[in-house]
Amino acid sequence: MFRKVLITVWNSDISPRFDLTSEVVIVALDDQMSVIQERTVVLPHASAEELCHLILTEEAGLVICGGIEEEYHQYLTWKKVEVLDSVMGPWVRALEQFRAGELAAGSICYDGGSRQADA
Amino acid sequence: MDSCPDPEVAGLFKSPVVLSALLEPLPLGIVLVDPERRVLLMNQALEALTGFTRDEVRGVPCYAVLRGNVCMHQCPVLEAEAGGQPIRREGDLINRGREKISVRLTSVPVRDPQGALVGFLETFEDIRLLQHLNEKYHQPYSFGRLIGRSPKMEDLFRILPVVARTDSSVLITGETGTGKDVVAEALHQASGRAKEPFIKVNCGALPETLMESELFGHTKGAFTGAVGDKPGRLRLAHNGTLYLTEIGDLPLSLQVKLLTFLDDKIVYPLGSTRGFQAEVRVVAATHRHLERMVREGRFREDLLFRLNVVRLHLPPLRERSEDLPLLMDHFLAAFSLRFQKKVRDFSQEVRRILQTYPYPGNVRELRNIVEYAANICQEEVIKPEHLPVYIFENASLSEGAAPQKEEAFLPPLSEVGSGTRGMNWPEIERRLIVEALVRSKGRKSRAAEILGWGRSTLWRKMKQYGLNS
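Observations regarding the overall build of chain A
Phase 1: Along its length, chain A carries 3 helices and 8 strands.
Phase 2: The helix and strand sequence of chain A, counted from the amino end, reads β-β-β-β-α-β-α-β-α-β-β.
Phase 3: The buried share among the 119 residues of chain A stands at 39%.
Phase 4: The long-range fraction of contacts in chain A, counting pairs at least 24 apart against all pairs at least 6 apart in sequence, stands at 41%.

Here's the deal with the confidence of the model for chain B
Residues and elements named next belong to chain B.
Phase 1: When pLDDT is averaged along chain B, the result is 83; 89% of the residues meet or exceed 70.
Phase 2: Confidence, expressed as mean pLDDT per element, reaches its minimum in chain B at helix H19 (residues 413–416) with 42 and its maximum at helix H4 (residues 62–66) with 94.
Phase 3: Every residue in residues 397–422 scores below 50 in pLDDT, and together they form 28 contacts with partners more than four places removed in sequence or on other chains.
Phase 4: Both scores are given for the predicted complex: the pTM is 0.47, the ipTM 0.91.

Some thoughts on the packing of helix H10 (residues 208–216) of chain B against helix H12 (residues 252–264) of chain B
Residues and elements named next belong to chain B.
Phase 1: Two elements in contact, H10 and H12, have axes whose closest approach is 10 Å; the angle formed by their N-to-C orientations is 15 degrees. Relative to H12, the element H10 is oriented roughly parallel. Taken as a pair, H10 and H12 cross one another with a handedness that is right-handed. Between H10 and H12, the contacting residues are Glu208, Met211, Glu212, Leu215 and Phe216 on the first element and Ser253, Leu254 and Lys257 on the second.
Phase 2: When its residues are assigned to classes, the contact of H10 with H12 shows 4 nonpolar, 1 polar and 3 charged.

Observations concerning the pairing of strand E1 (residues 3–10) of chain A
Sheet faces and side chains relate simply in a regular strand, where the side chains alternate between the two faces.
Residue and element names in this part refer to chain A.
Phase 1: Across the 8 residues that make up E1, a large majority, 6, are buried.
Phase 2: As judged from the 6 bridges shared by E1 and strand E3 (residues 23–29), these two strands associate in the antiparallel manner. Pairing of Lys4 across the sheet is with Ala28, part of E3.
Phase 3: Note: E1 against strand E5 (residues 62–64), 3 bridges, orientation parallel. Bridging from a neighbouring strand, Val5 pairs with Leu62 of E5.
Phase 4: In this sheet, strand E2 (residues 13–14) lies alongside E1 in antiparallel orientation, the contact comprising 2 bridges.

The rules behind the values
Residues numbered from 1 in each chain as written. Chains lettered and ligands numbered in written order. Predicted model: local features only at pLDDT ≥ 70, side-chain atom pairs only at ≥ 80, totals over all residues. Helix = DSSP H or I, 4+ residues; strand = E, 2+ residues; numbered from the N terminus. Buried ≥ 20, exposed ≤ 12 C-beta atoms within 10 Å, placed from the backbone. Contact = placed C-beta atoms within 7 Å. pLDDT = per-residue confidence, 0-100. Axes fitted to C-alpha atoms, helices over the stretch in contact; angles between N-to-C directions. Parallel < 35°, antiparallel > 145°, perpendicular 65-115°, else oblique. Left-handed = near helix turned anticlockwise from the far one by under 90°. Nonpolar A, V, L, I, M, F, W, Y, C, P; charged D, E, K, R; others polar. Pairing = 2+ DSSP bridges.

Rendered as C-alpha cells:
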C-alpha cells in the first residue's frame, strides 16, 4: 500500500501560488514513508483547474502547496484529497518533514528552524 | 526568525522613536525586507491583509508570505534593485484565509548614505473596492443591440436579463424608434428559447381577415383561395417567442381570439376543429397608450391584463440625452466600418446641433442622421453641411419650444378639449378633428393617427364637416 503526494514547486521552493504553478513533484511513499518513486511533471501552462485535474488523474492522496483559493481547496477536499496549504520553504525539506510526521498546513520550513504557523 | 526588540529611528526626532510605532497606524500595508528579500518588519495593516504575523514570517522570503502574482513573474523588488527606481504594480495576492485580493504594490529600494543597497520598502494597497467601482463604471451598458448609459437605461439593463429568463408575457411600450423590436429580439436571444424560432407579426400590417389566417393558420378550403393547409405564426413559433408588434392596432375580433389562445395555449386554424397545443412566449409592443384605448373601448381590458405581466417602457431619446454622445459615436463607428469610410468624429458644431435636436423619431432617427452623414462625408470629421437639411428646418421650427411628445402618450383629445358640455356629437367630433389637425400642424395622416382613424375616414369626416382646405 503506497500513498501519492503531490507538491507544487517553484524553483526549489513550494510554489507560493497553487494557481500559478507550472511544475509539480509527485512522490509515492510506502507504509514506512519511504520514497518508492519520485517524478517531476511540468505543466504546459499554469492553471488551477488543470492542476486539480492532474491531482485527480494521478490519484494523489495529499497535496502540499502554498497559497490556494478557497474554491480549489474545497473542491480537492470534497474529492477526498488532503491539502496542506500555506506551507513555505524548500519542497525537499517540506517532504522530509512530512515523512517525519511534522508537517502541517502553515508550516514554515526555511533555515533557522522549522516553525508551525497557526493554520 | 525569533522575535527581536523593535528597531528605532534615531536622529529624526528629538529622541529615538520605535519604527513600528511610526508604521502601525498607517492604513497601508508596509513591509521592510533585506537585500535577499527576507521579511524584516511588517505593519499591522499588512498582517491583516496577508493573515500572517510579523513574528511568524520574520526572515521568510517575501514572495512566500505575500504570494502575489507579480512576485512570481515580475518581482518588483528585483526590478527596483535593477532600475534603482520605485516600481509600482497592480496584481493580486492570496492570503492565509485563501482569499484572492487585488492590490497595488510599490517597491522602493532603500540605500545607506554611501548609496549601498540595504533593503527594500514595499507597500500594499487593497484595491478591491476601487476595482469594484471601476467595474461598475465600465460595465457594458448594453443588452443585445440596445445601448445606453442613462439611469433609465441602466434600470432597464438591470431587469432585462431577469425578465428574459422567465416565460412571462411582456408588454413593451415606447414611442416609435425607441428600440422596442431590438428589446424583443434581445429578450428572445437571452432566454432559454434562443435556439427556437422568433416569429414577428405586425398586427397593423394586414387586414383583419388576412391577419387571422396569418396568426392562426387555415386549412384547405377554409375560405375562397385557401388551396392548402397553412400553419399560422403562432404554430410556427412553437417552443419559441411570438413577437406581436403594434398590438394596439389588432382588430377587436382578433383580440378575443388571441385572448383565448393566451388562456389555453391551443391554436385552432381557420376551418379546423382540431387544435394544436403551442408552447409560445408572447412579447407584445405598441407605441399606443393601451390604457386609454381600453377606456375608449378600442382595446380589450382582459387582453391588456394578460399581456401586461411584465411591462417595459423604453424612454424617448429626449429623456436620455446623456446617451446621445454614446449613441452618436456608436453609430458613427458602425457606419464608418460598414461603408469603409475614414470618418472618425463629429465637429463641435455638429455635436452641438445633434445635442439640441429634439429627435421625434428617437434613436432610429439619430441612426438615420448619422448614416446619412457618414455616407455624404468625404472627410474625417462630419461637419454641419454633411447633415440632412431637414434637421435645420425642424430646429428652426422647434427652437425655444419643448420637443413634441408622441401623441399616443398625450391625454385623450376629449380631455384636452374643454367646454364640450351641451354640444352634440357632430359638434364634438368636428372639434376633435380640428384639435387633431392643429396638433399635427395640418398633416392629415398624423391627425388621422391621433384620432385612431384611417386617412380615408378623416378625409370623409372633414368633407362632412366642411373642413376641407
